Each structure stands twice: as structure tokens, then as C-alpha cells.
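Per-entry structural report
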Amino acid sequence: MAMQATSKGNMPVVLLKEGGSETKGRDAQKNNIAASKIVAEIVHTSLGPRGMDKMLVDSLGDVTITNDGATILKEIDVQHPAAKMLVEISKTTDNEVGDGTTSAVVLAGALLENAESLIDQDVHPTIIVDGYRKAGRKAKQFLESISDKISPNDKNILNKIAKTSMQTKLVRKDSDQLADIIVKSVLAVAEKDSESYDVDIDDIKVEKKAGGSIKDSMIVQGIVLDKEIVHGGMPRKINEAKIALINTALEISKTETDAKINISNPQQLKSFLDEENRMLKTMVDKVIGSGANVVLCQKGIDDMAQHYLAKAGIIAVRRIKESDLTKLAKATGARIVTNLDDLFEKDLGSADLVEERKIEEDKWVFVEGCKHPKSVTLLLRGGSQRVVDEVERSVHDALMVVKDVIEKPEIVAGGGAPETYAATKLRNWAKSLEGREQLAAEKFADALEAIPLTLSENAGMDPIDTLTLLRSKQQKGEKWTGIDVMKGKIANMKSSDIIEPLAVKLQIVSASAEAACMILRIDDVIATQKSAG
Ligand code: ADP
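This structure is a prediction, so every number in the text was calculated from the model and none was measured.

A closer look at the overall build of the protein
- Looking only at helices and strands, the protein has 16 helices and 23 strands in total.
- Viewed in the frame of its principal axes, the protein has a C-alpha envelope of about 95 × 70 × 45 Å.
- Taking all 533 residues of the protein together, the buried fraction comes to 46%.
- Across the protein, the fraction of contacts at a sequence separation of at least 24, relative to all contacts at a separation of at least 6, is 75%.

Written out as C-alpha cells, the structure is:
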């Protein structure tokens, strides 16, 4: 229906085209809040170690089983614009800190639900937004005040952090072993920059293959390539490898312009082919001349060049992804060479072993035993494709939390402890605020407690009893006291090894407060028409 308004002179003014729609004021707010609450409800049963998994079935019937908030929301096709904003925060949280995606959505849902009750009491959304913003900043300060500084390369703590992140996932049983290889890989690629560390998670190559068990997952001190050695006559294994990385083809390049060559007798054809072979031989000779016994090439390798390389006992792999070549350079210390004339011994990298191995039905090349690799591979295994996919997602989160804490070496407890602490502190602080903002700040504090409430609810514990006990213990100064969900009791999270990076907790508060405020500030939802072209 076309939207009409009446001007002063009672003339109807047509604002929106036929088919356009608008929801205004409270209706718009209520509608947005309702949609966001539904999204939060979807993921809330999957929060924590006792959370449930979701089975997502796409239109082709492919099934994903996961309890990772970001994955759940990425896969479901959310249409509502406000709900989409919650999906966005889980994505940003995933990109920023890797973990805490479910918590961010649960918290945003609780903030909006609590805001709704204030709107019902005629508190203006602008006041709520102001109160929430102030409370969000303050909550982060309280979280910072209870964090403990750690040494960024304390393997013991890093292991516990990786394990806490995996407690809530299908890989929990194997988290000891996975945490070990995850911590080793992040420490291998961490770059020290004066005082602090910088970790580029892309330096860790994650390869997965269904088959075997999760326990067969391992770290390779080098790079695994899902490629075969190009020629049957080449060795399958070379110790003390000297590796050339080439991003140019070992082929005769085709001319840019079309050229016609007239060959009128067999002799001419022979000399033409001989010339081609000679050029290929010259290329291979340059490789041999450098002293390389392994050539890893980003482009193609001509059959004849393969033959010459095989005769020289050199292993060659072709069509390697550019990103893998970069990782190989970081792992082996080789320089990527663009022109074979520039290939010398000093450009070669090294590895103890280059070997082609059979992984299930595929053949993969392992470049391993690199001395101080700045890029490594995690080879993930698991009983089925679905299992390795979930292992990969969980390992991604765990890699990210270890990175978070190496870069910002501060930790807090898990199990709802810091949220409960911040909530109690916020309630006291709220008293210092004037007017209705105080109500909003108190609601923010209540929303933080959605985390311990949901953790205990999902574990089948009594949420109210658990929260009141937790609050009273924390009042007595036990800031590390939280809910040990696996044991079903209140406990000291440090002794239970349930610890998390401060960075994740801060991101959860920022992202959820930001999304809630953005949604609350909307009082008009207008369906716009996409302009053509
Ligand atoms: P998210 O996507 O937010 O990380 P999870 O489902 O992974 O969601 O749950 C994370 C929450 O579970 C955190 O609050 C964390 O402290 C808590 N948690 C993890 N392990 C335990 C445990 N053993 N006992 C209690 N809480 C735990």
C-alpha cells in the first residue's frame, strides 16, 4: 500500500511507492527486539560445555553439526534486518577474537530484552542507549580490574586457555592433545616485536582429512601440500632437502601474439622440437646448478622438464597455491624466485625431509623438519568429514584464543565468574548515575548475568540458586569463583583450569552493547526499493 501522510492543507502527500512499507516508533522497536530475541534464543541452548549442538541442513541436504555460535548464525538464512545485526556481531567477534560468539549474541539478546521492559515503563530509548553505553564502558573497566597478567609464552597457561575454549565443543575428549599442538603452532609463528608479540594466524596452515581419529591430528614443522610429486620417475623421499621455490613456469611460454611457423620437412620439425627441448634443458640445468634437490613451483612444469628433473633425481611439485608458496618460504627460509637466472644456492630453503605420503586415498607432499619454521601445518584428522569439519572450527577458535592471549597477555576466569563480578560492581556503580540512566545501567548488570544463568541452565543446574550462591561468594571477595559446569558446582575457576583471555570478554561486552544500542536507536523501519542498475 502506498504510504500517505496529510499536510497542513489536508493535501495527502504520497511518500512511499506502492509496495513500500514502514513500521514506526514503538512498533518498530518491539518488532526489532522480538526478532533479536529469537536469534539469541536459537543459540542460547548451545552456550557452555553442556550446551547442545545444532544440526543445520542446507537446501542440498548437506548437514553441519556444530555448537559454534558464529557458524550456526552464518548458516541460517536470517531475513529480519535487526536479527541480521546480531548475526553480524557474531561474525565480527569471530574475526576479532575468534571465540565468544555465542556469548556475544546471548548478551545482546538479554540487553534488548531488558531494554524492552524499560521501554514499557516509558523510559525513552535514547536514555537507555546512553545508560547502556556508560555501563558497557564501566563493565569493561571492572573486567580489566580483575584480570591477571601472565607471561605470553607460558605454555602451561596457554594450554589451559586452548582447552577451556575446546571444553564446549565436540573435541572436548581430545582437547589435551589438540591444545598441545595448537599452542606449539602459535608459539612457532609468533613474532616478537620489541615488548609484545604479533601472531598472524594465516602462518598456520590447517589441512584436514577425514579418516583415522582426532588423536591422529598432528603438527608438522613445515608445510603439507595436498599435491603429488609430478613424475613417477622422481624419488618419493629426500632427506636433507634443499628447496627451490619458483613462481614461474618450467615451460616454454606461449607468445602473446599469434605466430605461424611453416615447417615443410621432417628435419625442420625435429630441429624445432630439439630447440624446445634444449630450452627446457637449460631451465632444468639452472635448477640443478643451484644445488636444489626439490623444486616447488607455483606454475606448470612441462613433461620434458619433468623428465630432466627426474633424471637428475630432483623432486618437483607443480601448481602450488601462491599462499602456500609464501608459507613454504617462511617455513624453509627459501626466497621465492621469479626468474630462473636469479636462482642461486643462497635462495634455497631447507627441510630435514620432503616426502610424498598416502593420506587415505590421496597423495600429499610433506615438507617437514624445518629448523625454525615461521609457518607450520596442523594436520587434522577425524572419523568422518563432519567430525573433521567441526574439529577445524574448534581448532580455529582455540588458535585464536591462544593468539589473543599471546598478544594481550591478560586472563580472567571462565564459567560466568567475571560476568557475575562485573554485574555486582555495576549495580553499585549505577547508584552514582542520575535519573533514568541508572535504571538502564542496572538492566545492563542484569543482562551480564545471562551468561552464568544460561551456563547453569544448560547444565541442568538450578539457575537462580546457582546465581545467588555465586553472587554471595563473590561478595566475600572470591572473584575467581564461577560455575564448574562439568562438575555441576560452584568452584574456583583457577583450580578448575577454566580460564579465558581478557580480550575475548572485552570484545563480547563491546560487540553486544554496540549491537543492542544500534537496534534500540531505530524507530523507523522503511522498506526501500533497490534502485535499478
Ligand atoms: P562462545 O561461543 O561464547 O565461546 P561457548 O559455547 O564456547 O560459547 O561457551 C563459552 C562459555 O563456556 C564461556 O563463558 C566459558 O567460560 C564457559 N566454559 C567453558 N568451559 C567451562 C567449564 N568447564 N565450566 C564452566 N564454564 C565453562
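Focus: the site of the ligand
- Around the ligand sit 25 residues, and of these T102, S103, T168, G414 and G415 come closest.
- Within the residue set of the shell around the ligand, elements represented by two or more residues are α4 (101-120), α6 (155-167), α14 (450-458) and β20 (481-484).
- In terms of residue count, α4 provides more of the shell around the ligand than any other element does, three residues in total.
- Class assignment for the residues of the shell around the ligand results in eight nonpolar, 14 polar and three charged.

Some points on helix α13 (residues 437-448)
- Taking 1.5 Å per residue, twelve residues should reach 16 Å; α13 reaches 17 Å between its end C-alpha atoms and fits that length.
- Burial of α13 is extensive: nine of the twelve residues sit out of reach of the surface.
- In this structure, the buried side of α13 is in contact with α4, α5 (125-145), α12 (417-430) and α14.

A look at the sheet that holds strand β19 (residues 410-413)
- Spatial strand order, β6-β19-β22: three strands in an open sheet with antiparallel pairing. The two strands at the open ends of the sheet, each matched to only one other strand, are β6 (148-149) and β22 (499-501).
- Its contacts with the sheet place helix α16 (residues 502-520) against β19 and β22, and it is angled at close to 65° to β22.

With respect to the environment of S323
- With respect to the secondary-structure elements, S323 resides in helix α10 (residues 322-332).
- Judged by the 10 C-beta atoms lying within 10 Å of it, S323 is exposed.
- A C-alpha to C-alpha distance of 9.7 Å links S323 and Q298, two positions 25 residues apart in sequence.

Observations concerning the pairing of strand β5 (residues 63-66)
- Sheet topology note: the strand β4 (residues 54-57)/β5 ladder contains four bridges and is antiparallel. When the sheet's bridge partners are listed, M55 is paired in β5 with I65.
- Where β4 hands over to β5, the hairpin turn is made up of five residues, of which G61 adopts a positive phi near 90°.

So, helix α1 (residues 25-44)
- The terminal C-alpha atoms of α1 lie 28 Å apart, and with 20 residues this matches the ideal 28 Å at 1.5 Å per residue to within 8%.
- Within α1, burial applies to Q29, N32, I33, A35, S36, K37, V39, A40, V43 and H44.
- As for α1, its buried residues are in contact with α2 (69-75), α3 (81-96), α4, α5, α14 and α16.

Side note on the sheet that holds strand β18 (residues 376-382)
- The sheet built from three strands is open, its strands ordered β9-β18-β10 with mixed pairing. Here the strands that pair on one side only, and so sit at the sheet edges, are β9 (204-210) and β10 (218-220). Each strand of the sheet is rotated relative to its neighbour by a mean of 25°, with strand direction disregarded.
- Sheet analysis places β10 next to β18, joined by three bridges and oriented antiparallel. Each residue of the ladder has a partner; that of I219, found in β18, is L378.
- Against the sheet, helix α7 (residues 175-189) engages β9, β10 and β18, with an angle of about 160° to β18.

So, the environment of M52
- By the secondary structure assignment, M52 is in the loop between α1 and β4.
- Between the C-alpha atom of M52 and that of N67, which follows or precedes it by 15 residues, the distance is 6.6 Å.
- Ignoring anything within four residues of it in the chain, the contact list for M52 reads T45, S46 and N67.

Considerations on the domain arrangement of the protein
- One can read the domain layout of the protein as domain 1 (25-149 + 412-524) and domain 2 (223-372).
- For domain 1 versus domain 2, the distance between C-alpha centres works out to 53 Å.

A word on the pairing of strand β17 (residues 362-368)
- Direction of pairing for strand β11 (residues 223-225) relative to β17: antiparallel, over a ladder of three bridges. Counted as the bridge partner of L225 is V365 from β17.
- As judged from the seven bridges shared by strand β16 (residues 349-359) and β17, these two strands associate in the antiparallel manner. From the neighbouring strand, R357 faces β17, where its bridge partner is W364.
- Hairpin connection from β16 to β17: two residues lie between these consecutive antiparallel strands, with E360 at a positive phi of about 50°.

Concerning the packing of α5 against α13
- Two elements in contact, α5 and α13, have axes whose closest approach is 8 Å; the angle formed by their N-to-C orientations is 55°. Between α5 and α13, the interaxial angle falls into the category oblique. Viewed along their axes, α5 and α13 form a crossing whose handedness is right-handed. Taken together, the residues of α13 that come into contact with α5 (itself represented by I127, I128, D130, G131, Y132, K134, A135, G136 and A139) are E437, A440, A441, F444 and L448.

A word on the environment of K363
- Within the secondary structure, K363 sits in strand β17.
- On the basis of neighbour count, K363 is assigned to the partly exposed category, with 14 C-beta atoms found within 10 Å.
- With 203 residues separating them along the chain, K363 and K160 place their C-alpha atoms 35 Å apart.
- Once you skip the residues sitting within four places of it in the chain, K363 turns out to touch E228, E356 and K358.

Topic: unusual backbone geometry
- Non-glycine residue R319 carries a positive phi angle of around 50°.
- With respect to the secondary-structure elements, R319 resides in the loop between β14 (315-317) and α10.
- Judged by the 12 C-beta atoms lying within 10 Å of it, R319 falls in the exposed class.
- If you check the backbone angles, D497 has positive phi at about 60° while not being a glycine.
- Structurally, D497 is set in the loop between β21 (489-492) and β22.

What about the confidence of the model for the protein?
- Mean pLDDT over the protein stands at 90; residues scoring 70 or higher make up 93%.
- Two summary scores accompany this predicted model of the complex, namely pTM at 0.88 and ipTM at 0.98.

Each value, and the rule that gives it
Residues numbered from 1 in each chain as written. Predicted model: local features only at pLDDT ≥ 70, side-chain atom pairs only at ≥ 80, totals over all residues. Helix = DSSP H or I, 4+ residues; strand = E, 2+ residues; numbered from the N terminus. Buried ≥ 20, exposed ≤ 12 C-beta atoms within 10 Å, placed from the backbone. Contact = placed C-beta atoms within 7 Å. Near = placed C-beta within 6 Å. Nonpolar A, V, L, I, M, F, W, Y, C, P; charged D, E, K, R; others polar. Expected span 1.5 Å × (residues − 1). Pairing = 2+ DSSP bridges. Axes fitted to C-alpha atoms, helices over the stretch in contact; angles between N-to-C directions. Domains from an automatic or database assignment. Parallel < 35°, antiparallel > 145°, perpendicular 65-115°, else oblique. Left-handed = near helix turned anticlockwise from the far one by under 90°. pLDDT = per-residue confidence, 0-100.

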